[in-house]
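# Per-entry structural report
The chain contents come next:
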Amino acid sequence: MVVLDVSLNELYKLLNKKLSEEELSEYLLNIKCELDEINGNNAKIEVKDFNRIDLYSLTGIARELKGILNIENGIPKFEIKDSPYSLIVDKEISNVRPYIVGAIVKNVKLNEDRLKDLIQLQEKISQSFGRNRQKVAIGTHNFDLIEFPVYYKLADPETKFIPLGFDKELSLREILENTEPGKKYANILNKYNKYPILIDSNNNIISFPPIINSNKIGKLDINTKNIFIDVSGTDLEKILLALNVIVLALKDFGGEIYSINVIYPDKKIKTPELKIIKKEMDLNKIKKYLGIELDDKKIVEYLNRKRMNAKIENNKLIIEYLNYRDDILSEYDIIEEILISYGYNNLKPREIKIYTKGELSKERKIINNIRKIMVNMGCIEIYTPILSNKDINSLLNEDREIIELINPASSSYNSIRVYLLSSFLQLLSENNELKFPAKIFELNRVSYIKNNKIIEDLDLLYIYSNYEVSVNDSLKVLKRLFKELEIDFDIRNSNHKFLIDGRQGDIFVNNENIGWIGEIDPNILEKLDIKYPLTGFEISIKELMKYIKYDI
Amino acid sequence: MISEIEYKVLSILNDNWKNLDEISNELNIEKYKVLRTLGFLKEKGLIELREEKIKKYELTELGKKYLKEGLPERRLLNLLKERKEINLEELNKYFNKDELAFSLGFLRKNGAIKIENGKVIYIKEIETYEKYLENINENTIKLFKGRKGIIEEKEETIYYAKINEKGKEILKNYKPEEYIEKYTKEVIDKKIYKNKKFRPYDIRINIEEENIGRYNPYLEFLDKIREELISMGFKEMDKYNMIISHFWDLDCLFIPQDHPAGDISIMDAFYIKNIQYIEDFPKDLFENVKKTQLKYFKTFDENISKRAMLISHDTAISARTLLNAEKPGKYFLIEKVFRYDTIDAKHFIEFNQLEGIVLDDNLTFLDLLGILKELVVNVVKAKNIKFYPAYFPFTEPSVEVYAEHPKLGWIEVGGAGVFREELLKQFNINYPVLAWGLGVDRLATIYLNINDIRELHTRNIKKLQE
């Protein structure tokens, strides 16, 4: 989840308009953001759309809100000037972190809030969209301290510089081993024996991508006016998109965008590649699935408010938008933009007229039938979690392999139960309260591995407890159940370790073993501190289903 | 009029006070029954009843332990007798602090030991007092005065009863053979009721209510929702599994494999230790999904796709249902999903989701809003509904649904959307499919009036029985 800290003063300055808390909350919901809380000038805003990294800054939020509020429409204005500056990419680096792009933004007007927002924007993009800096990492630097051209190349791990926030030189190796950002992102570089650096023509190290900036060139403060941005990573399209978002944000802070030349061994590109994207859409399809009648003019107007330009030619809708977003894939994406602009709550929900027959699944009908028989016999239905404690599971398990979780949330729930009895015993050991006589059942899922195959089953567990219990108390319930289901069964001797010797059996239907019946061994109960005599049975319903003459 | 048991009790009482124990022993009837009967007899004015409160001393659990194993000073003395001298520090291992402090003091005062340079040294054997614990008398109380937790004082009530003149009168005239006591089959067969009267009961007597068979209230709630969906023409999906592949849970739903967990909650999933891979998908669909993933997200790892996991959202089963769904078709499912979370009153790692899809030509977003409205009325029992734009990787357009609940005001009840074309293409479906999901656990807590989401699962069997 991406949650931003936003200065409301700055936001309202960019909007040229103040909003009440209710208005802000409502409008934010309409751009897929949610106002979590307001604390004075600071608001916490959750951005729910992971494809819109431009919204990770108050400038992006303002840009989108301006459209919704009809303050400013169509493609945002922008201009990119050429510069003579170059960023030279060394051949060697292509195996480690192959891509880098950059830009210069001059005359940016920063203040505390804006600086905070800029840093937050970089962090959120590299975290979520950049997959924790693996694919995208962003650096912003003081342009005035840099001597161009700048070089992006590999350096020996013992190369030293003063990293941001430190007062002495550290080697690249020391940074990875001993500093917080180093440790956090070391996994990106661990397998290499040389690391990427960005260095200027005076041999000053600008940064150690994607780990940390230098303390001098890479440190911005509220007086910094001219900023050099680099975005490095493994995916050229992604880093170009991130760069577009950053330069636009800085432009909205009053800056002027300048391109630089990025010189790769085999090609030369000019970045940022911020430009207008033009797409042709099938207007008939849009109108068909839009659900509301809109004339062409209205469609164009609604798209304008989503910061797009649009026009209609020969049944084609031609849309133009700026490439700070890349989430327009098909007509449905345009339909959503129009509907949002129109206002979801202005739409009239349509009563659906598809006549289909509603029906429970066959499995559910059988489950419900068995539950009904058990309740009619005076049993109380319990419902326990499917995940259970592995040690309790092991007490019961014999020939099944217990399914264990790699990442359990708690040791109480670190495996899947092999029997419903595991969950029942776990419940009773956690809360030792029963009223005599107790007739209890559960029909629920179990799972285990047998012969290297995952088995998912539905089991029925019946438990009887009283001052005095016998296997007959279970047997009579079992007999009634099978009589109601019109299925024949027989019981054969068994030797389950969790049941008392000589007072237990396996239940067979059509020569297939479908479960156990017996008295629970007090040695097992003692281990779980359970103080009730118990008898019961557990049968596989999936097995039983084959024989149920079902016609409900 | 007196009952049989009242007669029995009355008949052994005389002019001298008899206590409850004596009466109970003489009649061989449990004390509580005798006491209850004495109460009735007193109410009827047939006996005199008097209570006497007495103080009584009993050993506590610790006291009983000392009686069996010896007092700590005895154990300490025995140890010293054997070893002659022991470091104080070492003794801390064998005795708790209070026991040790008392025992050292006691033994030293009585000249059995001395303490020098942190060492405890044995001098001679002395008497310790465990034998006085066998029968607690005044002497015992004196000896153990000031030692806490060995003897406890209890108050006991002793009841005495004697018959009075009215009682004697009733007793004289009581003829048990004139009444039918138990209503038996024999009474019917031999027509005994023709000649005798039934002895009247006190039918206001306080007894426990009968046990009842009962559905689990939470499952009953889910059953009710299922009924609503059936009446809306939805068919229950039948392709649910707890353990599914990453492919079904995430990949086939247009979710990039490398998206960081934590961003999208459905990616906070549980993975399985013993079985790494599971191939529960058709090969051609797998190829289609691979193509889509490579086209839009550029990477696709077949091994990640085959990883076995616990289902983290029921949309995975909606996707499975697409494989051979009918058109037009309406399908729903309420089943368990699993997500890694910190367990507290608001979060549990297993919960049920209500999930549905509608397939037909020409469906639009407005039809989806129509279904959502119907659901909110029938399932959430709310009249007002609001819609806001939302983001789900697998739908476009997407919507978040808020309903005005009679008790809670506006609450978020679910999310919905039109399945993305890019996703449907993988299943060779070229018409719209509407998809929605509602959180039913939240509604269940409101319906069942509970504050802790963990209580949807049974935590106390006795509570269900009562």
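Predicted, not measured: the structure shown is a model, and the values here were computed from it.

## Describing the sheet that holds strand β5 (residues 119-122) of chain B
All names here are of chain B. With antiparallel pairing, the three strands of this open sheet are ordered in space as β3-β5-β4. One side of each edge strand has no neighbouring strand; the edge strands of this open sheet are β3 (85-87) and β4 (113-116). Averaged over all adjacent pairs, the angle separating strand axes in this sheet is 20°, with direction ignored. The pairing of β3 with β5 spans three bridges and is antiparallel. Across the sheet, I86 pairs through a bridge with V120, a residue of β5. In the packing of helix α7 (residues 97-109) onto the sheet, the strands contacted are β4 and β5, and the crossing angle to β4 comes to about 115°.

## As for the packing of helix α11 (residues 362-376) of chain A against helix α11 (residues 217-231) of chain B
Look at α11 of chain A against α11 of chain B: their axes get within 13 Å of each other, and the N-to-C directions meet at 135°. As judged from the angle between their axes, α11 of chain A and α11 of chain B are oblique. α11 of chain A and α11 of chain B meet at a crossing whose hand is left-handed. Residues R364, N368 and R371 of chain A of α11 of chain A touch α11 of chain B, and the partners they reach there are L219, E220, D223 and R226 of chain B. Along the lines of polarity and charge, the residues of the contact of α11 of chain A with α11 of chain B split into one nonpolar, one polar and five charged.

## Here's the deal with the interface of chain A and chain B
With 88 residues of chain A at the interface, the matching set in chain B holds 101 residues. Of the roughly 8500 Å² buried between chain A and chain B on both sides combined, carbon and sulfur atoms contribute 57%. A per-residue breakdown of the area chain A buries against chain B is headed by Y344, Y383 and K435 of chain A, which together make up 10% of the total. Linking chain A with chain B are 15 salt bridges, by the criterion used here. Two residues, K285 of chain A and E421 of chain B, come together in a salt bridge whose shortest N-O distance is 2.2 Å. Where chain A touches chain B, the interface holds 47 residue pairs in polar contact (both at pLDDT 80 or more).

## Here we look at the domain arrangement of chain B
Assigned domains within chain B: domain 1 (4-57 + 155-176), domain 2 (61-148) and domain 3 (218-465). Each of domain 1 of chain B and domain 2 of chain B has a C-alpha centre, and the two are 48 Å apart.

## What about helix α6 (residues 180-189) of chain A?
Residue and element names in this part refer to chain A. Among the residues making up α6, those that are buried are G182, Y185, A186, I188 and L189. Along the axis of α6, the buried positions cluster into a sector of 155°, meaning they face one direction only. In this structure, α6 carries E180, K183, K184 and N187 as exposed residues pointing more than 90 degrees from its buried face. The inward-facing, buried residues of α6 contact α5 (172-178), β11 (195-199) and β12 (205-208). Between a side-chain oxygen at the N-terminus of α6 and the backbone nitrogen of G182 the separation is 3.1 Å; the capping residue is T179.

## Focus on helix α5 (residues 72-83) of chain B
Along an α-helix, residues three or four apart share an orientation, since each turn contains 3.6 residues. Residues and elements named next belong to chain B. Over its twelve residues, α5 extends 16 Å from the first C-alpha to the last, a length consistent with the 16 Å expected when each residue adds 1.5 Å. Among all positions of α5, only P72, E73, R74, L76, L77 and L80 are buried. Residues of α5 that are buried sit in contact with α4 (61-69), β3, α6 (88-94), α7, β4 and β5. The positive-phi residue at the C-terminal boundary of α5 is K84, with phi of around 70°.

## Observations regarding the domain arrangement of chain A
Residues and elements named next belong to chain A. Along its sequence, chain A is organised into domain 1 (2-68), domain 2 (80-271), domain 3 (276-346) and domain 4 (362-545). When each unit is reduced to the centre of its C-alpha atoms, the spacing between domain 2 and domain 3 is 36 Å. At the junction of the two partners, domain 2 supplies four residues and domain 3 supplies five residues. Carbon and sulfur atoms supply 67% of the area buried between domain 2 and domain 3, which totals about 350 Å² over both sides. Ranking the residues of domain 2 by area buried against domain 3 places L241, N244 and L248 at the top, with a combined share of 87%. The interface formed by domain 2 and domain 3 holds one residue pair in polar contact (both at pLDDT 80 or more) in total. Residue classes in the side of domain 2 that touches domain 3 are distributed as three nonpolar, one polar and no charged.

## Section: the nonpolar core
Grouped together as the largest cluster of nonpolar side chains are 227 residues, with contacts concentrated most on I125 and I229 of chain A together with L372 and W436 of chain B. Counting residues per element, this core draws most heavily on helix α7 (residues 236-252) of chain A, which supplies eleven residues. Every residue in contact with I229 of chain A, bar those within four places of it in the chain, is listed here: V101, G102, A103, V105, I138, G139, T140, L243, I246, V247 and L250 of chain A. Y419, L428 and F498 of chain A together with I461 of chain B belong to the second largest nonpolar core, which has 33 residues in total.

## A few points about the environment of I277 of chain A
Residues and elements named next belong to chain A. Note that I277 resides in strand β17 (residues 276-282). In the structure, I277 is positioned 185 residues away from Y462 in sequence and 66 Å away in space, judged by C-alpha atoms. Ignoring any residue separated from it by four or fewer positions in sequence, one finds I277 in contact with I319, E320, Y321 and N323.

## Remarks on the sheet that holds strand β2 (residues 33-39) of chain A
Residues and elements named next belong to chain A. Spatial strand order, β1-β3-β2: three strands in an open sheet with antiparallel pairing. Strands at the two margins of the open sheet, each flanked by one partner only, are β1 (2-7) and β2. Ignoring which end each strand starts from, the neighbouring axes of this sheet average 25° apart. By the bridge criterion, six bridges tie β1 to strand β3 (residues 42-47) in an arrangement that is antiparallel. Bridging across to β3, L4 finds its partner in I45.

## Considerations on unusual backbone geometry
In this model, F436 of chain A is joined to P437 of chain A through a cis peptide bond whose omega is -10°. We note that E486 of chain A has phi near 60°; this positive angle belongs to a residue other than glycine. Its place among the elements puts E486 of chain A in the loop between α14 (471-485) and β25 (490-493). For E486 of chain A, a relative accessible area of 55% corresponds to the exposed category. Positive phi, normally seen in glycine, also occurs at N28 of chain B, with a value near 55°.

## With respect to the pairing of strand β15 (residues 256-263) of chain A
Note on strand geometry: in a regular strand, side chains alternate between the two faces of the sheet. All names here are of chain A. The element β15 is extensively covered by neighbouring structure, given that six of its eight residues are classed as buried. Where strand β4 (residues 80-81) and β15 come together, two bridges link them in parallel fashion. Across the sheet, the residue bridging to K81 is Y258, located in β15. Judged from the three bridges that link them, strand β5 (residues 86-89) and β15 form a sheet pairing that is parallel. Paired with I88 across the two strands is I263, which belongs to β15. The pairing of β15 with strand β16 (residues 268-271) spans four bridges and is classified as antiparallel. Counterpart to N261 in the pairing with β16 is K270. Hairpin connection of β15 to β16: four residues between the antiparallel strands.

Procedures and definitions
- Numbering of residues starts from 1 in each chain and follows the order in which that chain's sequence is written.
- Labels follow written order: the first chain is A, the first ligand is 1, and so on.
- Local features in this predicted model are restricted to residues of pLDDT 70 or higher, and side-chain atom pairs are both shown and tallied only at a pLDDT of 80 or more, whereas totals for entire chains, interfaces and linings draw on every residue.
- Working from all heavy atoms in the structure, the side-chain values ignore hydrogens and water.
- Being paired, for any two strands, means DSSP has found at least two bridges between them.
- To qualify as a helix, a DSSP run of H or I must reach at least 4 residues; to qualify as a strand, a run of E must reach at least 2; elements of each kind are numbered from the N terminus.
- To get an axis, fit a line to the C-alpha atoms, keeping to the stretch in contact for a helix; angles then go from 0 to 180 degrees between the N-to-C directions.
- In this analysis, two residues are considered to be in contact whenever any of their non-hydrogen atoms come within 4.5 Å of each other.
- Working rule for angles: under 35 degrees goes down as roughly parallel, over 145 as roughly antiparallel, 65 to 115 as roughly perpendicular, anything else as oblique.
- Left-handed describes a crossing whose near helix is turned anticlockwise from the far helix by less than a right angle; the clockwise case is right-handed.
- When residues are sorted by character, Ala, Val, Leu, Ile, Met, Phe, Trp, Tyr, Cys and Pro go into the nonpolar class, Asp, Glu, Lys and Arg into the charged class, and all the rest, Gly among them, into the polar class.
- When two parts are put together, the accessible area they lose, computed with a 1.4 Å probe and summed over both, is reported as buried area.
- Any Lys or Arg side-chain nitrogen found within 4 Å of a carboxyl oxygen on Asp or Glu counts as a salt bridge.
- N or O atoms closer than or at 3.5 Å make up a polar contact, with two conditions inside protein: a donor-capable atom paired with an acceptor-capable one, and, for residues adjacent in sequence, both atoms drawn from side chains.
- Note: domain ranges come from an automatic or database domain assignment.
- Any residue under 20% of the maximum accessible area for its type is buried, any over 50% is exposed, and the rest in between are partly exposed; the area is computed with a 1.4 Å probe on protein chains only.
- Summarising the geometry, the arc corresponds to the directions from the helix axis toward the C-beta atoms.
- A helix's residues, less one, multiplied by 1.5 Å, set its expected span.
- Note on terminology: a nonpolar core comprises buried Ala, Val, Leu, Ile, Met, Phe, Trp, Tyr and Cys residues joined through side-chain atoms within 4.5 Å.

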